[in-house]
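Geometric and topological summary
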Amino acid sequence: MAKMMWAGRFSSEADPKVNDFNSSISFDARMYRQDIRGSMAHARMLGDCGIIEKSESEKIIEGLQGILADLDSGALGFDPNAEDIHMFVEQVLTDRLGDTGKRLHTARSRNDQVALDIRMYLRDECDEISKLVFELTETIINMAEEHLYTVMPGYTHLQRAQPVTFAHHLMAYAQMLYRDLERIRDAKERMNYLPLGSGALAGTTYPINRKQVCEELGFTDITYNSLDGVSDRDFCIEICSALSILMAHLSRFSEEIIMWCSWEFKFVELSDAFSTGSSIMPQKKNPDITELIRGKTGRVYGDLTTLLTMMKGIPLAYNKDMQEDKEAIFDAIDTVKLCITTFIPMLSTMTVNKENMRAAAAKGFINATDCADYLVKKGRPFRDAYKITGTLVALCIKKGTTLEELPIEEYKKLCSDFDNDVYEAISLDTCVMQRKSDGGPAPEAVQVQIEKLKAKLRVFE
Ligand code: ARG
């Protein structure tokens, strides 16, 4: 095995167990592109500032380009014995260039290097995840446009409450996902500051030009405190918390789909391609995907807890604890991407049983509020109207009937304000169509909601 890079200070080799325990190459290798790009910018700056010879800087950049190409093509594999991706790239460069390769790490530490790599890696992933969330939001909006008139029960406490439309229900998720897009964008903006040049913790005595590196790597600005530059992982926590909220949304949606698939609801049916069977019960068609998404939500929350806990007790500046950031944040990213990628086709191939949705909305006194509102419109104070309607509902339950079918005489017995036009006022269609307040479920209001959201989404296209 290659001698450890700090061999000068140490008189004996590390125990192999320590090397394995210490190593992060198995999981940080995925940042090799960011690591190499960062090193190229650093080498260029070292040459431009006269910290190393221009010709050597050029050789280093060329050498790094070669390593990048070889890793991309698979001609070069990662050395599992390397401590981390930073040491690996530097080692290969030195193997290929000799002493010139050894000059790359001038005026730099792995502490600012790793902070740079993660920021670069995560900002790319923010874009990838945004694309997926955008696609999911579009899928939902398309479905909503098809179901403007699909009446379904709206629930509170999982009790039928007031009628809505499936479009309206779907659009609630589109709104949540839009906020997720905003949160991911904000997190990306806040992480886009260059920590390189912070050194190990206290900057450097070399006349480096951080602004140049900042510009080459596309950062908004540099970080202005070297201790903070190397020890800040807020951006990992922030994106992970945005992803946790996103997962909460997917999980709630999944939970509803699970219920809607049940024989008790029968509101939707998942396509066979996105369902699974049982090994023993031949009749079963299980919504495993949605259950897995619900389950994996806990996993992403776990990643967030890992990050928060990892950071809460460590003194400034870098501590090795922070190497634990990567597995947590990578897992959160992989999980979210996997979930959305599966959720989109599952949703777009799901069939909606409009009749069952409507039938469920037609029962359960979902129009009771509208019955009370009818009396209010005739001049009764709402509290009185509420009480009269409550008594009517109790009467219906006793007689085994509904408000729609209760004879007008029964209505009049309780309140002389009732007339035949009450049936029109409490019809399911009226109940939905008249709920046209801004943000309400009436098709015309949902149409406005869709247009407004589409306009806001344009910045994410
Ligand atoms: N692999 C390390 C990490 O992920 C890189 C930084 C190591 N720095 C150090 N001084 N040990 O955090």
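Residues numbered from 1 in each chain as written. Predicted model: local features only at pLDDT ≥ 70, side-chain atom pairs only at ≥ 80, totals over all residues. Heavy atoms only, no water.

**Focus on the overall build of the protein**
Basically, it comes down to this: Per the convention used, a helix needs a DSSP run of H or I reaching at least four residues, while a strand needs a run of E reaching at least two, with both numbered from the N terminus. Restricting the calculation to C-alpha atoms gives the radius of gyration, and the globule rule supplies 2.2 Å times the number of residues raised to the power 0.38. Contacts were defined at the residue level, with two residues in contact if any of their heavy atoms lie within 4.5 Å. Using a 1.4 Å probe, the Shrake-Rupley method yields the accessible areas, and only the shown protein chains count as cover for residues. Here the positive residues are Lys and Arg and the negative ones are Asp and Glu; neither His nor the chain ends is included. Charge positions are represented by NZ for Lys, CZ for Arg, CG for Asp and CD for Glu.
For the protein, the count of helices and strands is 19 helices and six strands. For a compact globule of 461 residues, the expected C-alpha radius of gyration is about 23 Å, and the protein comes in at 31 Å, more than 25% above that figure. Across its three principal directions, the C-alpha atoms of the protein cover 100 × 55 × 40 Å. For the protein, long-range pairs separated by at least 24 residues make up 75% of all intrachain contacts whose partners lie at least 6 apart in sequence. Accessible surface, the protein as shown: approximately 22400 Å² in total, 52% of it carbon and sulfur. Each charge sign in the protein was given a centre, from 55 positive and 70 negative side chains, and these centres are 4 Å apart.

**Some remarks on the side chain of K326**
Applied cut-off: Each residue is placed in one exposure class: buried if its accessible area under a 1.4 Å probe, protein chains only, is under 20% of its type's maximum, exposed if it is over 50%, and partly exposed if it falls in between.
Tracing the chain through its elements places K326 in helix α12 (residues 325-348). Residue classification places K326 among the buried residues on the basis of a relative accessible area of 3%. With residues near it in sequence (within four places) discarded, K326 still touches F27, D28, M31, V114, I118 and D331.

**Digging into the packing of helix α14 (residues 368-377) against helix α15 (residues 382-399)**
In plain terms, the rule: Lines are fitted to the C-alpha atoms to define the axes, a helix being fitted only along its stretch in contact, and any angle between axes, read from their N-to-C directions, falls within 0 to 180 degrees. Comment on the angle field: the value is read as roughly parallel under 35 degrees, roughly antiparallel over 145, roughly perpendicular from 65 to 115, and oblique elsewhere. Crossing handedness follows the turn of the near helix against the far one: under a right angle anticlockwise gives a left-handed crossing, and clockwise gives a right-handed one. Residue classes follow a fixed rule: Ala, Val, Leu, Ile, Met, Phe, Trp, Tyr, Cys and Pro count as nonpolar, while Asp, Glu, Lys and Arg count as charged, and any other residue, Gly among them, counts as polar.
Between α14 and α15, whose axes approach to 8 Å, the crossing angle comes to 135°. As judged from the angle between their axes, α14 and α15 are oblique. As for how α14 packs across α15, the hand of that crossing is right-handed. Contact with α14, carried on its side by A368, C371, A372, D373, L375 and V376, involves F382, A385, Y386, I388, T389, L392 and V393 of α15 and no other residues of that element. Looking at the contact of α14 with α15, its residues break down into 11 nonpolar, one polar and one charged.

**With respect to α15**
Counted only if it meets this: By definition here, a helix of n residues has an expected span of 1.5 Å times n minus one. What the arc describes is the spread of directions from the helix axis to the C-beta atoms.
Between its first and last C-alpha atoms α15 spans 25 Å; for 18 residues at 1.5 Å apiece the expected length is 26 Å, and the two agree. Taken together, the buried positions of α15 are A385, I388, T389, L392, V393 and C396. Along α15, the residues classed as buried sweep out an arc of 145° about the axis, all on the same side. Turned more than 90 degrees from where α15 packs its buried face, R383, Y386, K387, I397 and K398 sit exposed. Its buried side turned inward, α15 meets α14 and α16 (408-414). With its phi angle positive at about 70°, G400 sits one or two positions after the end of α15.

**Considering the site of the ligand**
The condition that has to hold: A single heavy atom is enough: if one lies within 4 Å of a molecule or strand, its residue is considered near that molecule or strand. Throughout this description, a polar contact denotes any pair of N or O atoms lying within 3.5 Å of each other; where both atoms belong to protein, one of them has to be capable of donating a hydrogen while the other can accept it, and for residues adjacent in sequence the pair is counted only when both atoms sit in side chains.
Surrounding the ligand, one finds S24, D84, H86, R110, N111, V114, Y318, K320, Q323 and K326. N111 is positioned with one of its side-chain polar atoms (N or O) 2.9 Å from a nitrogen atom of the ligand. In the complex, 87% of the free accessible area of the ligand, which totals 340 Å², lies under the protein chains. Of the residues that constitute the shell around the ligand, the class distribution is two nonpolar, four polar and four charged.

**Things to note about the side chain of D303**
Worth spelling out the cut-off: By salt bridge we mean one thing: a side-chain nitrogen of Lys or Arg within 4 Å of a carboxyl oxygen of Asp or Glu.
Relative to the assigned elements, D303 resides in helix α11 (residues 288-312). For the buried D303, which has no salt bridge, the nearest side chain bearing the opposite charge is R299, at an N-O separation of 5.4 Å. Residues within four places of D303 in sequence aside, it is in contact with C240, A328, D331 and A332.

**Overview of the packing of aromatic side chains**
To be explicit about the condition: Pairing of aromatic side chains requires ring centres within 6.5 Å, counting the rings of Phe and Tyr and the six-membered ring of Trp. Pairs whose planes differ by under 30 degrees are stacked, by over 60 edge-to-face, and all others tilted. Only lysine NZ and arginine CZ atoms are considered, and such an atom sits over a ring when it is within 6 Å of the ring centre and within 35 degrees of the ring normal.
Tallying each qualifying case throughout the model produces 13 aromatic pairs. When the ring of Y173 is compared with that of F253, the centres are 4.1 Å apart and the planes differ by 5°; the resulting orientation is stacked. Separated by 80 residues along the polypeptide, Y173 in helix α7 (residues 166-191) and F253 in helix α10 (residues 234-261) bring together distant segments of the chain. Relative accessible area serves as the criterion here: at 4%, Y173 is assigned to the buried category. One aromatic cluster is present, built from ring pairs that chain together Y374, Y411, F418 and Y423. A cation sits over an aromatic face here: R123 above F219, 4.3 Å from the ring centre. In this arrangement the basic side chain of R383 is found over the ring face of Y386, its NZ or CZ atom lying 4.9 Å from the centre.

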